[in-house]
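Residues per chain, in single letters:
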Amino acid sequence: MLDRVAQAQHTIEQACRGLDRQITVMEVCGTHTVSIFRSGIRSILPEKLKLLSGPGCPVCVTDQGYIDAVMQLADREDCLIATYGDMIRVPGSDGSLETRASRGNVKVVLSSEDALQLARDNPGRTVVFIAVGFETTTPATAVAVQEAASEGIPNFCILSGHKLVIPAMRALLSGMNDRIDAFLCPGHVSVIIGSGAFAEIVNDYHRPCVVAGFEPLQIIEGLAEICRQLAAGTAELKSIYNAVVSEKGNTAAQRITAECFEPVDGYWRGVGKIAKSTLALKEQYRQFDAFKRFGLQDKPGKEIKGCRCGEVLCGLIEPMQCPLFGTRCTPQKPVGPCMVSSEGTCAAWFKYGRRK
Amino acid sequence: MCLAVPARIIELEGDRAVVDAMGNRWKAKTTLLPEAKLGDVVLVHAGFAISQVDEEEAKKTWELFAEIEEVRSENFDG
Ligand code: SF4
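What counts and how
- Residues numbered from 1 in each chain as written.
- Chains lettered and ligands numbered in written order.
- Predicted model: local features only at pLDDT ≥ 70, side-chain atom pairs only at ≥ 80, totals over all residues.
- Heavy atoms only, no water.
- Near = heavy atom within 4 Å.
- 1 Å grid on protein atoms, 1.4 Å probe; cavity = no way out; pocket = protein on both sides within 12 Å on 5 of 7 lines; lining within 4 Å.
- Sits in = over half its atoms within 2 Å of the grid points.
- Nonpolar A, V, L, I, M, F, W, Y, C, P; charged D, E, K, R; others polar.
- Disulfide = S-S within 2.5 Å.
- Buried < 20%, exposed > 50% of the residue type's maximum accessible area, 1.4 Å probe, protein only.
- Phe/Tyr/Trp six-rings, centres within 6.5 Å; stacked < 30°, edge-to-face > 60°.
- Helix = DSSP H or I, 4+ residues; strand = E, 2+ residues; numbered from the N terminus.
- Contact = heavy atoms within 4.5 Å.
- Buried area = accessible area lost by both parts, 1.4 Å probe.
- Salt bridge = Lys/Arg side-chain N within 4 Å of Asp/Glu carboxyl O.
- Polar contact = N/O pair within 3.5 Å; in protein donor to acceptor, adjacent residues only side chain to side chain.
- Expected span 1.5 Å × (residues − 1).
- Arc of directions from axis to C-beta.
- Pairing = 2+ DSSP bridges.
- Axes fitted to C-alpha atoms, helices over the stretch in contact; angles between N-to-C directions.
- Domains from an automatic or database assignment.

## What about the site of the ligand?
All names here are of chain A. The local shell around the ligand consists of Cys-307, Arg-308, Cys-309, Cys-322, Leu-324, Phe-325, Cys-329, Val-335, Gly-336, Met-339 and Cys-346. Taken atom by atom, the bulk of the ligand overlaps the largest cavity. For the shell around the ligand, a count of residues per class yields 9 nonpolar, 1 polar and 1 charged.

This is the structure:
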């Protein structure tokens, strides 16, 4: 294995030596972010190669407007909120789910199935599943919705904030941050959508896209492949995660997702509105749509004062450039979502970045 | 939260499975991976099997997790 690391490192160094400019590679996956920090990969990369974390943490990219809608529901007596643990400490304009949990109407679940079970067990209350996450997580929500429909569970609904990775990458390249030279593509999202899904980024924007897994070796080999392409002036789609990812992805999951959801324009923290980037339940499942059931709107919320998560998510600044980083904002007392989530860029920098 | 863990299917009835990773067992569904069979190693995310994984790949991840757990308990508590 050490041979392979050395080989990859050599490729990276050679490629960078031949380039007369800095190159910027963005990863769009919270797990990559954490793995890059934990393994110390940054410290063995040449100065010229800059790694940026993009909008890859689902909790972080969720707009404040959505968070505030969640809080509104959590304040209702007739609702029971079922959420993945990551969301629980994200600050809304007025407190977080954690601050509401003491009243007993917020439950942490490990899957959409658990949320559905909660609805079966509590027929007197409406269970709202806080459905956030990228393509990897969405099919699980879709299964629960279909089950609720076929079983006829009236007190179950979801607040869909599910997001699509590719429209976000397109939005970044079309203006927000066009300095990005290449993408290290998210392995587990690719399990579902297939590595082939990134072909449009390669073709339309001429940027190398390399799908990699999460082990340090995979990441460094992914970076080597990117550097090789950049040095050669080419842009190709390549997957080095072939043991798990296929070109077509998981077609059963894609089908179930497409049966339940359709892409609509949606808001992302820091980026704003991105066309066809968020998944909403189709009309036939409207009774399970918490937005419709409670007359809520997915509208942009007020950004948290002083927090620069938006710019961090787009790779425009590094967490250290936020004046609150490490002073008023720490993982113990987070101000913004990028510090809350363990996959958040600010949290990763706080935990590992300073060890370098 | 996008973390997916490789685990072996040790019980399977319809689309309801029990999976095992390094002795940790939990329930998962195979609705999204209808071809999954008893004994297969699969990637499990948010309660669902989402793809097949080969044994070698799974082993590497399990080792990595074991290592992380060790490091975590040494350095990063709190
Ligand atoms: S350090 Fe805190 S306040 Fe600053 S961008 Fe990150 S999460 Fe927001």
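Continuing now.
## Side note on the state of the cysteines
Any covalent bond linking the sulfur atoms of two cysteines counts as a disulfide. Residue and element names in this part refer to chain A. Throughout the structure, instances matching the rule amount to 1 disulfide over all chains. Residue Cys-57 pairs covalently with Cys-60 via a disulfide, S to S 2.5 Å. Across the S-S bond linking Cys-57 and Cys-60, the dihedral sits near 70°, which makes this disulfide right-handed. For the pair Cys-57 and Cys-60, a shared accessibility class is recorded, and that class is buried. Cysteine Cys-260 remains unbridged, with the sulfur of Cys-157 as its closest cysteine sulfur at 14 Å. Judged by its relative accessible area of 0%, Cys-260 is buried.

## Quick look at the packing of aromatic side chains
All names here are of chain A. Overall, the coordinates contain 6 aromatic pairs over all chains when judged by the stated rule. Plain terms: the ring middles of Phe-134 and Trp-268 are 6.2 Å apart, the flat faces sit at 35° to each other, and that makes the pair tilted. Of this pair, Phe-134 sits in the loop between strand 5 (126-131) and helix 7 (138-151) while Trp-268 sits in strand 10 (residues 261-268), and the two are 134 residues apart along the sequence. Neither Phe-134 nor Trp-268 differs from the other in exposure class; each is buried.

## Comments concerning the interface of chain A and chain B
Taken together, the contacts link 36 residues of chain A with 28 residues of chain B. Carbon and sulfur atoms supply 64% of the area buried between chain A and chain B, which totals about 2500 Å² over both sides. Here chain A is connected to chain B by 2 salt bridges. Between Glu147(A) and Lys29(B) there is a salt bridge whose closest N-O contact spans 2.7 Å. Summed over the shared surface of chain A and chain B, the result is 5 residue pairs in polar contact (both at pLDDT 80 or more). Elements with a contribution of two residues or more to the side of chain A that touches chain B: helix 2 (30-39), helix 3 (58-61), helix 6 (112-121), helix 7, helix 9 (187-193) and helix 12 (251-260) of chain A. Sorting elements by how many residues they give to the side of chain A that touches chain B places helix 7 of chain A first, with 4 residues.

## So, helix 1 (residues 2-18) of chain A
One turn of an α-helix holds 3.6 residues; hence residues three or four places apart share an orientation. Residue and element names in this part refer to chain A. Between its first and last C-alpha, helix 1 extends 24 Å over 17 residues, near the 24 Å set by a 1.5 Å rise per residue. Of all the residues in helix 1, the buried ones are Val-5, Ala-8, Ile-12, Ala-15 and Cys-16. What you see down the axis of helix 1 is that its buried residues fit within an arc of 100°, all on one side. Set apart from the buried face of helix 1 by more than 90 degrees, the exposed residues are Leu-2, Asp-3, Gln-7, Arg-17 and Gly-18. Tucked inside the fold, the buried residues of helix 1 contact strand 1 (23-27), strand 2 (49-53) and helix 11 (216-232).

## A closer look at the sheet that holds strand 9 (residues 237-239) of chain A
Hydrogen bonds between backbone atoms are what pair the strands of a sheet, whose relative direction is either parallel or antiparallel. All names here are of chain A. Pairing within the open sheet is parallel, and its 5 strands lie in the order 2-1-7-8-9. Edge positions in the sheet fall to strand 2 and strand 9, since each has one partner strand and no second. Direction aside, the axes of adjacent strands within the sheet are offset by 20° on average. Bridge analysis of strand 8 (residues 209-212) against strand 9 gives 3 bridges, and the strand direction is parallel. Opposite Val-210, over in strand 9, you have Lys-238 as the bridge partner.

## Examining unusual backbone geometry
Of note, Lys276(A) is a non-glycine position whose phi angle comes to about 45°, a positive value. Here Lys276(A) is to be found in strand 11 (residues 272-281). We note that Ala46(B) has phi near 45°; this positive angle belongs to a residue other than glycine. For Ala46(B), the location among the structural elements is in the loop between strand 4 (41-45) and strand 5 (48-52). Here Ala46(B) falls in the buried class, since its relative accessible area comes to 15%.

## Re the domain arrangement of chain A
Residues and elements named next belong to chain A. Considered domain by domain, chain A is made up of domain 1 (1-303) and domain 2 (309-351). Distance between the C-alpha centres of domain 1 and domain 2: 18 Å. Tallying the contact residues gives 30 residues for domain 1 and 22 residues for domain 2. Between domain 1 and domain 2, roughly 1900 Å² of surface is buried when both sides are summed, and carbon and sulfur atoms account for 63% of that area.

## Considerations on the sheet that holds strand 3 (residues 79-83) of chain A
All names here are of chain A. Here we have 4 strands laid out as an open sheet, ordered 4-3-5-6, and parallel in their pairing. Edge positions in the open sheet fall to strand 4 (106-108) and strand 6 (156-160), since each of these has one partner strand only. Taken pair by pair, the neighbouring strands of this sheet meet at an average axis angle of 25°, ignoring direction. Strand direction decides the pairing type here: strand 5 and strand 6, joined by 5 bridges, are parallel. Within the sheet, the bridge partner assigned to Ala-131 lies in strand 6 and is Ser-160. Those strands touched by helix 4 (residues 64-74) are strand 3, strand 5 and strand 6, and its axis lies near 155° from that of strand 6.

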